[in-house]
Amino acid sequence: MDRDSELVRRIGAATAVEVRATGIPYVFAPCIAVCRDPRWGRCYESYSEDHTIVQEMTEIVPGLQGEIPADSRKGVPFVGGKKKVAACAKHFVGDGGTTKGINENNTVIDRHGLLGIHMPAYSDSIIKGVSTVMVSYSSWNGEKMHANRDLVTGFLKDTLRFKGFVISDWEGIDRITSPPHSNYSYSVQAAIQAGIDMVMVPFKYTEFIDDLTKLVKNSIIPMDRIDDAVARILLVKFTMGLFENPLADFSLVNELGSQAHRDLAREAVRKSLVLLKNGKNGTNPLLPFSKMAPKILVAGSHADNLGYQCGGWTITWQGFSDNSYTRGTTILGAINSTVDSSTEIVYRENPDSNFVKSNSFDYAIVVVGEHPYAESLGDSMTLTMADPGPTVIKNVCEAVKCVVVIISGRPIVIQPYLSSVDALVAAWLPGTEGQGVTDVLFGDYGFSGKLSRTWFRTVDQLPMNVGDSHYDPLFPFGFGLTTESVKELVRRSTSAGVGQKPYKLANIVSVIAILYFTASRGFRQLT
């Protein structure tokens, strides 16, 4: 991404008003994990392997909640009105540092490392008035975070002076024991005494109420711990205006999926795409494409699939696969609406090499990657591309000039295919606005995104993060080729030619005009 914290703030504001339109005043965001190993199934929920970028991205908190007043005391939650929501910084703490990236597992690191890598974004979020913090399923050096009084009460509440409430994860207290729920009364005691104020109990809530009541009546959990939890929860609810306005505001209904919000999402897509390769051996750039090509091939399982573009946590827990669950524009649909009406677009999900060779394609766009996943089901020790992706790359890119667009939540294995492709784009999970991809493929905007995480050569190198002694990436942290939009190219070239002889300037303008014409749906005025 291009580290645009102002964009992230605007995304937070758009999210807040859409969520409020549904009647919900609270979001479980942002995830401020620092993903240190892409084998983790939640790595796409993390902004970066570098805590400084994650810290910058905490600007989403004032986007969601509103800008805190200048005289606000540190740690006091803030929600600025009926178009804002309470935010939740998660998962406290070290969720992105588990061994081999195994979800909910153990983060082995000394206190200095924990506080230096995984904690800074919590401090920043608290300064910005975040209302709630969710505790992580994971452990730190063998101790479950849901039972870690030293960090939840001692550090988060006392040292960082967090005054909002701490919430457990889904059945998080059950998982204090192994197997889960094997000693529930102990789990309730350990979690509440650790400093958890609100407990996410999706099913067996009567058991939780009975066990907690018994623990308080028997003076095992002191009443002042209950008073503290209730006071924190009420403070957030009062701050949200929940008692004055408990129901949905129907006047916000037109905010849901509004064109302005779709345009914002499209902007986020084009700014976050990372151009990893543009031309074999770094010469003869393939991108941006001409919009006037006579015949192009679009291929790959991810070219016409909104579910794959969106990834996990979309409509359903594990996401979906097709175009029927939500409205949006697939990458194929975006190509159709971008190129000239005279261009013949041929779409084949998995073309064989004879088909590709027997057609006179000007170029091909191959869209492949990962299938959707969420949480532990996304953990992967191999990080391979979903089939038939490798076959499609081979069949297409050995026969025609091609760009490969990777749809994935994280870096995946691409080194074996790199030499055969002319251009390579990391598109991450672009969501519903596929036109953000075509905006840069066809030169309406230039590529500007940079890698916020290291792209490895082989999984044997993992974990490998910027600054490590064994750092030898395929593409390093911060890498990203740039291109100019066709419009910028025209403006720069005409400006550069002002001091030249008239006939030379005329030639420059003529050539650029032709380029601009072929990269557009028709000739546009150059000024």
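Residues numbered from 1 in each chain as written. Predicted model: local features only at pLDDT ≥ 70, side-chain atom pairs only at ≥ 80, totals over all residues. Heavy atoms only, no water.

Novice: So, the sheet that holds strand 2 (residues 106-107): which residues are in play, and what are the values?
Specialist: With mixed pairing, three strands are arranged side by side in an open sheet as 2-4-5. The strands lining the two open edges of the sheet, one partner per strand, are strand 2 and strand 5 (143-144). Judged from the two bridges that link them, strand 4 (residues 139-140) and strand 5 form a sheet pairing that is antiparallel. Opposite Trp-140, over in strand 5, you have Glu-143 as the bridge partner. (Pairing = 2+ DSSP bridges. Helix = DSSP H or I, 4+ residues; strand = E, 2+ residues; numbered from the N terminus.)

Novice: Tell me about empty space enclosed by the protein, and please be specific about residues and values.
Specialist: A full pass over the atoms with the stated rule returns four cavities of 30 Å³ or more. Its volume calculated, the largest cavity comes out at about 60 Å³. Along the walls of the largest cavity sit Cys-35, Arg-36, Asp-37, Pro-38, Cys-43, Glu-49, Arg-453, Thr-454, Phe-456, Leu-462, Met-464 and Asn-465, which together make up its complete lining. As a volume, the second largest cavity reaches approximately 50 Å³. Lining the second largest cavity are Trp-40, Arg-42, His-91, Asp-95, Asn-103, Glu-104, Ser-136, Tyr-137, Ser-138 and Asp-169. (1 Å grid on protein atoms, 1.4 Å probe; cavity = no way out; pocket = protein on both sides within 12 Å on 5 of 7 lines; lining within 4 Å. Points joined across faces, edges and corners; volume = space filled by probe spheres on them.)

Novice: Outline the nonpolar core, listing residues and values.
Specialist: Counting 49 residues, the largest nonpolar core has Phe-92 and Leu-151 as its most contacted members. At five residues, helix 7 (residues 184-194) tops the list of elements feeding residues into this core. Contacts of Leu-151, omitting those with residues within four sequence positions, involve Phe-92, Val-93, Arg-111, Leu-114, Met-119, Trp-140, Met-145 and Leu-156. Judged by nonpolar contacts, the second largest core, of 32 residues, contains Phe-361, Cys-402, Leu-424 and Leu-451. (Core = buried A, V, L, I, M, F, W, Y, C linked by side-chain atoms within 4.5 Å. Buried < 20%, exposed > 50% of the residue type's maximum accessible area, 1.4 Å probe, protein only. Contact = heavy atoms within 4.5 Å.)

Novice: Talk me through unusual backbone geometry; I want residue IDs and the actual numbers.
Specialist: Following Phe-92, the chain continues into Val-93 via a peptide bond in cis, with omega recorded as -5°. The residue Arg-161 is not glycine, and still its phi comes out positive at about 60°. The topology assignment puts Arg-161 in the loop between helix 6 (149-159) and strand 6 (165-167). Non-glycine residue Glu-375 carries a positive phi angle of around 50°. Structurally, Glu-375 is set in the loop between strand 10 (363-369) and helix 14 (389-397).

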